[in-house]
Amino acid sequence: MKLAQFGSGDFLKAIRPFVGLFVVLLLFMMDAELRSVFFKGGNFKTILTQTVIVATGAMGMTMVIVSGGIDLSAGSVVALCSVVTARLIEQGHGLAAVLTLTVLIGGLVGLANGGIITAFRMMPFIVTLGMMGIARGISKWLANNQTVNPDEPLESVNRLMDNSQSPLTFFPLPDGVWLVLGLAVVMTVVLRATVFGRYVFAIGSNEDTARLCGIRVSSNKIAIYVLAGVFFGLAGVMQFSRLTQGDPSVAIGLELQIIAAVVIGGASLSGGAGSIPGSVIGAFMMACLANGSGIKDWPNYMQEIIIGVVIILAVGMDKVEPILQRFFRRRT
Amino acid sequence: MSAADSSALMPRLRVERVAKRFGQTVALDGVSLEVAAGEVHALIGENGAGKSTLMKVLSGAHCPDAGSLMLNGQPFEPSDPLHARNCGVAMIYQELNLAPDLSVEENILLGREPVAFGWIRRGERRCSAMRALEEIGQPQMPLDAPVRSLTIAQQQLVEIARALVGEPRVLIMDEPTSSLTQVDTENLFRVIERMSQRGVSVIYISHFLEECQRVASRYTVLRDGRSVGSGAMAGATLDRIIQLMVGRTVDEIYPRTSRSIGEPMLELRGVAGLAKPICVNLTLHAGEIVGLFGLVGAGRTETLRAVFGLDCLAKGSVTVFGGEDTHSSPAKRLAKGIGLLSEDRKEEGLLLGRSIADNLTLTRLSLLTRLGIVNGLVQAAAAGKWMAKLDVKASNAAQPVGELSGGNQQKIALGRLLHHEAEILLLDEPTRGIDVGSKVQIYRLMNELAGQGKALVFVSSYLPELLGVCDRIGVMCRGKLSELRPVDNWSEQEIIRAAVGQAETGEAA
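Everything quoted here is computed from the prediction, not taken from an experiment.

(A) Summary view of the pairing of strand E12 (residues 226-232) of chain B. Residue and element names in this part refer to chain B. In this structure, strand E11 (residues 218-223) lies alongside E12, joined through six bridges in antiparallel fashion. Residue pairing in the sheet places Leu222 in a bridge with Ser227 of E12. Hairpin remark: E11 followed by E12, antiparallel, with two residues in the connecting loop; positive phi at Asp224, about 50 degrees.

(B) Representation of the environment of Val237 of chain A. Within the fold, Val237 of chain A resides in helix H11 (residues 217-243). Residues Val237 of chain A and Val84 of chain A, 153 residues apart in the sequence, show an inter-C-alpha distance of 8.5 Å.

(C) Broad picture of the nonpolar core. Ala58 of chain A together with Leu426, Leu456, Val457 and Phe458 of chain B are the most contacted members of the largest nonpolar core, which totals 168 residues. If you tally residues by element for this core, the top one is H11 of chain A, at 15 residues. Both of domain 2 (262-337 + 422-509) and domain 3 (348-421) of chain B provide at least three residues apiece to this core. Apart from the residues within four sequence positions on either side, Phe458 of chain B is in contact with Ile289, Val290, Gly291, Leu427, Met446, Leu466, Val469 and Cys470 of chain B. With 67 residues, the next largest nonpolar core counts Ala42, Ala49, Val158 and Cys212 of chain B among its residues.

(D) Here's a closer look at the domain arrangement of chain B. Residues and elements named next belong to chain B. For chain B, the assigned domains are domain 1 (2-246), domain 2 (262-337 + 422-509) and domain 3 (348-421). Distance from the C-alpha centre of domain 2 to the C-alpha centre of domain 3: 26 Å. Taken residue by residue, the interface counts eleven residues in domain 2 and ten residues in domain 3. Considered class by class, the residues forming the side of domain 2 that touches domain 3 number seven nonpolar, three polar and one charged.

(E) Representation of the environment of Gly316 of chain B. Residues and elements named next belong to chain B. Among the structural elements, Gly316 can be located in strand E16 (residues 313-320). Taking the C-beta count within 10 Å as the criterion, Gly316 has 18 such neighbours and is therefore assigned partly exposed. Note: C-alpha distance between Gly316 and Ala272 (44 residues apart in sequence) is 6.2 Å. When residues no more than four places from it in sequence are discounted, the contact partners of Gly316 are Leu268, Arg269, Gly270, Val271 and Ala272.

(F) Seen up close, the confidence of the model for chain A. For chain A, the average pLDDT comes to 91, and 93% of its residues sit at 70 or higher. Confidence over residues 1-9 of chain A falls short of pLDDT 50; this stretch has 27 contacts with residues more than four positions distant or in other chains.

Cut-offs used in this document
Residues numbered from 1 in each chain as written. Chains lettered and ligands numbered in written order. Predicted model: local features only at pLDDT ≥ 70, side-chain atom pairs only at ≥ 80, totals over all residues. Pairing = 2+ DSSP bridges. Helix = DSSP H or I, 4+ residues; strand = E, 2+ residues; numbered from the N terminus. Core = buried A, V, L, I, M, F, W, Y, C linked by C-beta atoms within 7 Å. Buried ≥ 20, exposed ≤ 12 C-beta atoms within 10 Å, placed from the backbone. Domains from an automatic or database assignment. Contact = placed C-beta atoms within 7 Å. Nonpolar A, V, L, I, M, F, W, Y, C, P; charged D, E, K, R; others polar. pLDDT = per-residue confidence, 0-100.

Here is the structure:
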C-alpha cells in the first residue's frame, strides 16, 4: 500500500537501477586491484564530481523522456552555456548573475524547442536535432571559434567542480555535488508528487488521454522543455567550472550519455516511465564504470564497449519485462 | 475420400477436460467442447471466464496442462499459431491484427504470399485475394486501398478474408461485432452463414447474447474456467444462458427507477463540426438519459467530441446551464462539470500503464492536493472508495489499469467522471466489449446518476440497451440528428430505418 503513494506498483522496476549499481560495485569488489583503489573515499569524491554534469543534464532529460519526448540539443546547450558563463565572468558578473543568466539562456533554448514542437506538431527528435546544430553554431560564434578564458576567474564558479581539496578523503565534497543532490531531491518530489509531475507522466503515457482529461498538453510540454533547458544550462555552468574555461566544442555527444543515464535509470523512450533517482544512479553508474576502467588501465575503447553493453542490458530489461507482463495478462 | 464419411460421425473439433494454470491462477479447470462440421458454435462467458485462454489453447498460443484436443478424430497438439493455422484452425482476434499501411490485398495474403524464386507473384496474389473476398460476399472491396483508410467494419472483413485464405476447417472469432453497427453485423452474419454452408466450423465468442442466439446453432457456457452448460440454441432462453454465465439470475438487466426531469442543462443548436456532424439540435435536461443511435460513421462520436471541445466546432451554438458557451476546450468543459467517456478506452480513455488511482483522479487532482503536492494516501483512499462503489476487481489502487479486464477498465474510466463529480456525462459506447455482469452494473449506475439529477448522453450501437436505459432517443444518420422522441414512441424497426436514412417519409407524418 505504501507504494500507492508513488503512483506505481512496480516495485521491482523502481529499484532496478540500484540493483544494477549494486551488481557493478559487487563485480569491482571481486577484483583485488580495484578493491584497493576504487573503494577509497577520495576516489568516490572524484567519481561523484565526474557524475555532476551528466546527472544535472539527466534530471532535465528525465522530464522530457517521461513526457514521451527527447532532447538531442542537450550537449550543444551545455557547450553554449559554458561559453555564456565564460563571457559573463569576463564582464565581471557575480555568481548569482552568472547562474541566473546562463540558466535563462538554457531555458530560452528549451522554450524554442517546446514552442516549435507544440506549435507545428513536429517530432521532438527532428526539432531538437536541428537545435543541436543551431546551439552548437551559436556557441562557436559567441566564442569566436576558440576557447574563452576569463582573465579574472570567479572563484565561486570554479569551486563548483573543484575536488582538489583534501583529495584523499570523501569530505569535503565540491559544491556542485551538493547542488546536484539537493536538486535531485527537489526534482524527485516534483516529478512524483506534484500535479505537474502527474501531468508529465499522463502526457507521456497517452497524449490523447491527457487531452481528454483536460490537461493543457501544449503548455505543459513547453514547460517541460524549458525546465530541461534550465538543467542543461546549469550543466553548462558545471562544464565551465570543470575546465575553468568556456569551450564551444566541448560536450559533443554528451546528449547521448545523458539519454543513456536516463534509460539505464529505468525510463522508457516511449514515455510514461522513468524516475529522477534512477537517472542520477544511471549517471553515477556510468561514471563508476569509466573510473573503474581507468584504474584497471584499460584502453578507452574498452570503456566504450563496456558502457555500450550496459546500456543494451538496461534497455533489454525494459523490453523483456513488458513482454512477460503481456504474456501473463493474456492468460485470461 | 472415405475420411469424409467418417468425419460426419465424429465432431470436427473435440475439446476434452482441458486445464491450464498460470502460476497460482487457474485459467481453465476442465473445459469440454464439441463442434461439428459446418456448425456455428457460440462460446459464452463473462470476462475472465476463460474464453480467451481456451481460444489460445486451440490456436496454439498456449499449451494445455491437462486434457486433450481432437481435430477430425486425430489428436491435435498445435505447437504454435502457425502450426494450428496449417492444421486448419484459424483465429480472428478481438483486436484487429492488420498492417494499416499495407493494402487490402497485401494484408489478405500477408505471410502466405505466393512466391517464385523469392519474388512475389502479384497476379496470383491478386487472384487469391479476390477469391477470398468473393467468398465472404465482398467482391467490391478496394484491393489497393491501404487498410488504414477502411472503416472498422471493412477491416474486420479483411481479417476474415485473410483467415479464409488458408482454407480453415475451424474458424474462431473473438468478439467480431464489438465495434460493428447493426447493419455491418447483419453483413457479418451472412458471411458466417456462407462459411458454415461450406462446411467451415465457426466458434463464435461474443458478449451479445442476442447475436449468439441469432447466429449460432449450439452454445457452450464457460464460468470460472469450467464449461457449465451446453446445448442447442433453439431450446435455450436468454434468461437461462445468463443464469449459467453469472451463476445467478439477472431478473432486471435494465433497472429503471422513477426520476424527475428537471431544467435544461445542455442545449445544442445547429451544431456542426468540420466534417461531421452536419446539424445537431438537442436539449438535455437534468435527470435525463438521452440515447443516440446510429451506424458507425454517422457522427455520434464526433458530436460528443465537438461539444466537449476536443474537436473543432464549425457552426451552431452550445448552451451550458443556461449560458451560451460554444467554443471551449476539454479543460474548460471539465471545469464546468461536463465529462466525456471515450469510446476507445485503450487508445484514448485510459492511461494503461498508470495506476488505477492516477486514472481515477487525473481530472481532479486538486481535491487531493495540498501546496501543490498530491497526497498519495488521500489519493489511494479516494480511489479505494470509487473502486468499492463500482465493484472493481483489482489487487489494489496502485495496480496499472492495463492489467485489468475490459469491464473493470471501463469502470475506472467511468469512475473518473464520478470523482470529477461531472453533472453532464457524455458516454460514448460505455458498454462496448465488456461482460454482462459489468454491463448491468453500468446500467444501474447510469440509472442512479440520472436519479441524482445528473444529465447523461448515451451513445450506443446496441439498440436493446438504449431502449432499456434511455428516456429519449435520437438517431443520427450521415451527420444529422433526428428529432428526439421518448423511448415508447419508437419501435426498433423505426430506429433502424432512421439510422440507414429511410425514415424521412414516415417521420413527416
